[in-house]
Amino acid sequence: MEKKISKLAILTKGIIKENPNLVLLLGTCPTLATTSSALNGAGMGVSAMAVLICSNIVISLLAKLIPDKVRIPCYIVVIAGFVTLVQFVLQAFVPSLYDSLGLFIPLIVVNCIILGRAEMFASKNNVIDSALDGIGMGIGFTLSLTVMGAVRELIGAGTIFGFALPWMSEHPMMIIALAPGGFFVYACAIAAINFITKGKGVKGSFDCHGCAMASMCQQEKCLAELEKGAEA
Amino acid sequence: MNYLTILLGIILVNNYVLAQFLGICPFLGVSKKLDSAVGMGIAVIFVMVLATAATWPIMRVLNNFGIGYLQTIVFILIIAALVQFVEMALKKFIPSLHKALGVFLPLITTNCAVLGVCITNIDEGYNYLESLVNSFGAGVGFLLAMVIFSGMRAKIDDNPAVPKAFQGSPIVLVTAALLSLAFMGFGGLV
């Protein structure tokens, strides 16, 4: 089925139609935590994109060699290796970004987008398609993080990419840059996408469907158990 | 006193879900029903404390050999293996507990809150006991947020008064924003 999709479609679907965090609702933790300013959001997006592209390429090459039963741990090790590399690069060349992203750089390892793409796309497709998928999803992730970061920075601090705007910076609404604002701006961004696509986009939801671990924990069984647990 | 400060700080002030954005996926995904929210919360407390108990000594070993930069890889592998072993052990020895928590355990492997708490303990320079207290508190904070949130969702989800574009996941996030706002009131407590 994937064969029919053109190279261009693979590249572009991650940007809007299947945008990983606004439509598929994956990777919520870094989305909320690192968008307190546009620069942090962009930095997080680019770091995750680098890891995503590299891990997609390596995993699509290794997919046939890895036994099915231990594939998730193998994927995690590959991803963790690249995350450590990114961590070194950031620490050496952009220490200020390294400090402000802090804990969330090592946590790229458990970002559902990366593991999810490894599991759903890279393990079933060839190297070129997987790399394109990584680039597209990475751009989509970076774009939405940057936009959300810019909005939160603009309202919360009155600056944009660090430049103070005349009236806005004297009347900042701090709350938008703090934790509750993160949830609220993310909600508005998803609602805006819903409004524009009139609900026609691929609808994500916060349950097992979007979870990268679904195939490992036997999604249906898991969902059924949850439902049953709720009824009992 | 020190331990109490850590415990209160991590449960109320720096709540993992509502103030630090760790473990958002299960927080939003499994909070629909109170029963599953409680199960997930307890499983998280359990795994967090165990993972810290295992990773803290390992970090000392890594530092001894001067290979602290392998932290991320080693920690995630330890957590993944640990969760698998715990699941097998529970299945064999305490089947009733496995029945209640088993579903949630594989999900927790890639929960960023667990890896997050292990790394935070090292970064903050906590000693072994402080690390365990911090992990336990982080788990309790998660459970607390889950339980309150599942109660709020029962009222707000599927409410026809919600505007069309906000139905589904956006209104869940707005609800989370309100809860997070309420928790900000604890700021300055510790």
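A quick note: this is a predicted structure, and the numbers were derived from the prediction, not measured.

### Some points on the overall build of chain B
Okay, so step 1: Per the secondary structure count, chain B includes 9 helices and 0 strands.
Okay, so step 2: Taken against the 2.2 N^0.38 rule, which gives 16 Å for 190 residues, the C-alpha radius of gyration of chain B at 18 Å falls within 12% of a compact globule.
Okay, so step 3: The dimensions of chain B, computed from C-alpha atoms along their principal axes, are 60 × 45 × 30 Å.
Okay, so step 4: Residues classed as buried in chain B amount to 53% of the 190 residues present.
Okay, so step 5: Long-range contacts, defined as pairs at least 24 residues apart, comprise 76% of the intrachain contacts of chain B with a sequence gap of at least 6.
Okay, so step 6: Entry remark: accessible area of chain B is about 8200 Å², with carbon and sulfur atoms responsible for 69%.

### Comments concerning the overall build of chain A
Okay, so step 1: In terms of helices and strands, chain A carries 10 helices and 2 strands.
Okay, so step 2: When the helices and strands of chain A are placed in sequence order, the string is α-α-α-α-α-α-α-β-β-α-α-α.
Okay, so step 3: Across the 232 residues of chain A, 52% fall into the buried class.
Okay, so step 4: Look at the contacts in chain A between residues 6 or more apart in sequence, and 74% of them connect residues 24 or more apart.
Okay, so step 5: Of the roughly 10700 Å² of accessible surface on chain A, 71% is carried by carbon and sulfur atoms.

### Overview of the interface of chain A and chain B
Okay, so step 1: With 48 residues of chain A at the interface, the matching set in chain B holds 44 residues.
Okay, so step 2: Both faces combined, the contact of chain A with chain B buries some 3900 Å², and carbon together with sulfur accounts for 82% of it.
Okay, so step 3: At the boundary of chain A with chain B, the tally comes to 0 salt bridges.
Okay, so step 4: Run the count over chain A and chain B and you get 2 residue pairs in polar contact (both at pLDDT 80 or more).
Okay, so step 5: Those elements that place two or more of their residues in the side of chain A that touches chain B are helix H2 (28–33), helix H4 (71–93), helix H6 (112–122), helix H9 (179–197) and helix H10 (219–231) of chain A.
Okay, so step 6: For the side of chain A that touches chain B, the element with the highest residue contribution is H9(A), accounting for 12 residues.
Okay, so step 7: Tallied by class, the residues present in the side of chain A that touches chain B amount to 38 nonpolar, 8 polar and 2 charged.

### Things to note about the confidence of the model for chain A
Predicted coordinates in regions of low pLDDT should not be interpreted in detail.
Residues and elements named next belong to chain A.
Okay, so step 1: Within chain A, residue pLDDT values average 82, and 83% of them lie at 70 or more.
Okay, so step 2: The spread of mean pLDDT over the elements of chain A runs between H10, the lowest at 50, and helix H3 (residues 38–62), the highest at 93.
Okay, so step 3: Confidence drops under a pLDDT of 50 for residues 215–220, and excluding neighbours within four residues, the segment shows 10 contacts in the predicted structure.

### Remarks on H9(A)
Okay, so step 1: The end-to-end C-alpha distance of H9(A) is 28 Å, a good match for the 27 Å that 19 residues give at a rise of 1.5 Å each.
Okay, so step 2: For H9(A), the complete set of buried residues consists of A:Ala179, A:Pro180, A:Gly181, A:Gly182, A:Phe183, A:Val185, A:Tyr186, A:Ala187, A:Ala189, A:Ile190, A:Ala191 and A:Asn194.
Okay, so step 3: Against the buried residues of H9(A) lie H2, helix H7 (127–157) and helix H8 (174–177) of chain A together with helix H2 (24–29) and helix H9 (169–184) of chain B.
Okay, so step 4: Positive phi shows up at A:Lys198, right after H9(A), with a value of about 50°.

### Regarding the pattern of salt bridges
Oppositely charged side chains may form a pair once their charged atoms are brought near each other.
Residue and element names in this part refer to chain A.
Okay, so step 1: Overall, the coordinates contain 5 salt bridges over all chains when judged by the stated rule.
Okay, so step 2: The salt bridge partner of Arg 71 is Asp 68, with a shortest N-O separation of 3.5 Å.
Okay, so step 3: Judged by relative accessible area, which is 56%, Asp 68 ranks as exposed.
Okay, so step 4: Across the salt bridge formed by Arg 117 and Asp 133, the nearest N and O atoms sit 3.0 Å from each other. Of the two residues, Arg 117 sits in helix H6 while Asp 133 sits in helix H7, which places them 16 residues apart along the sequence.

### Focus: the packing of H4(A) against H6(A)
All names here are of chain A.
Okay, so step 1: One way to put it is that H4 packs onto H6 with a least axis distance of 11 Å and a crossing angle of 130°. Between H4 and H6, the interaxial angle falls into the category oblique. Note on packing geometry: the crossing formed by H4 with H6 is right-handed. The residues of H6 that touch H4, namely those facing Arg 71, Ile 72, Tyr 75, Ile 76 and Ile 79, are Ile 114, Leu 115, Ala 118 and Glu 119.
Okay, so step 2: Within the contact of H4 with H6, the residues separate by chemical class into 7 nonpolar, no polar and 2 charged.

Calculation criteria
Position numbers for residues count from 1 along each chain, tracking the sequence in the order it is written. The lettering of chains begins at A and the numbering of ligands begins at 1, in the order of writing. The predicted origin of the model limits local features to residues at a pLDDT of at least 70 and limits the giving and counting of side-chain atom pairs to 80 or more, whereas totals for whole chains, interfaces and linings rest on all residues. Think of the side-chain values as coming from all heavy atoms in the structure, minus any hydrogens and water. Helix and strand labels come from DSSP, where a helix needs a run of H or I of at least four residues and a strand needs a run of E of at least two; each type is numbered from the N terminus. The globule rule used here is 2.2 Å times the number of residues to the 0.38 power, and the radius of gyration it is set against is calculated over C-alpha atoms. Relative accessibility under 20% of the residue-type maximum defines a buried residue, over 50% an exposed one, and the middle range a partly exposed one, all with a 1.4 Å probe and only protein chains included. By definition in these notes, contact holds between two residues if any of their heavy atoms fall within 4.5 Å. Surface accessibility follows the Shrake-Rupley procedure with a 1.4 Å probe radius. Residue values consider only the protein chains on display as shielding. Each of two parts loses accessible area, computed with a 1.4 Å probe, when they are put together; buried area is these two losses added. Salt bridge criterion: a side-chain nitrogen from Lys or Arg within 4 Å of a carboxyl oxygen from Asp or Glu. In the analysis that follows, any N or O atom pair within 3.5 Å is treated as a polar contact, provided that within protein one partner can donate a hydrogen and the other can accept it, and provided that, for residues neighboring in sequence, both atoms belong to side chains. Classification convention: Asp, Glu, Lys, Arg as charged; Ala, Val, Leu, Ile, Met, Phe, Trp, Tyr, Cys, Pro as nonpolar; all other residues, Gly among them, as polar. By definition, pLDDT measures how confident the predictor is in each residue, and it falls between 0 and 100. For a helix, the expected span equals 1.5 Å multiplied by the residue count minus one. Only the stretch in contact is used when fitting a helix axis, every axis being a line fitted to C-alpha atoms; angles between N-to-C directions are given from 0 to 180 degrees. Small angles under 35 degrees read as roughly parallel and large ones over 145 as roughly antiparallel, with 65 to 115 read as roughly perpendicular and the rest as oblique. The handedness criterion is simple: a crossing whose near helix is rotated anticlockwise from the far helix by less than a right angle is left-handed, and one whose near helix is rotated clockwise is right-handed.

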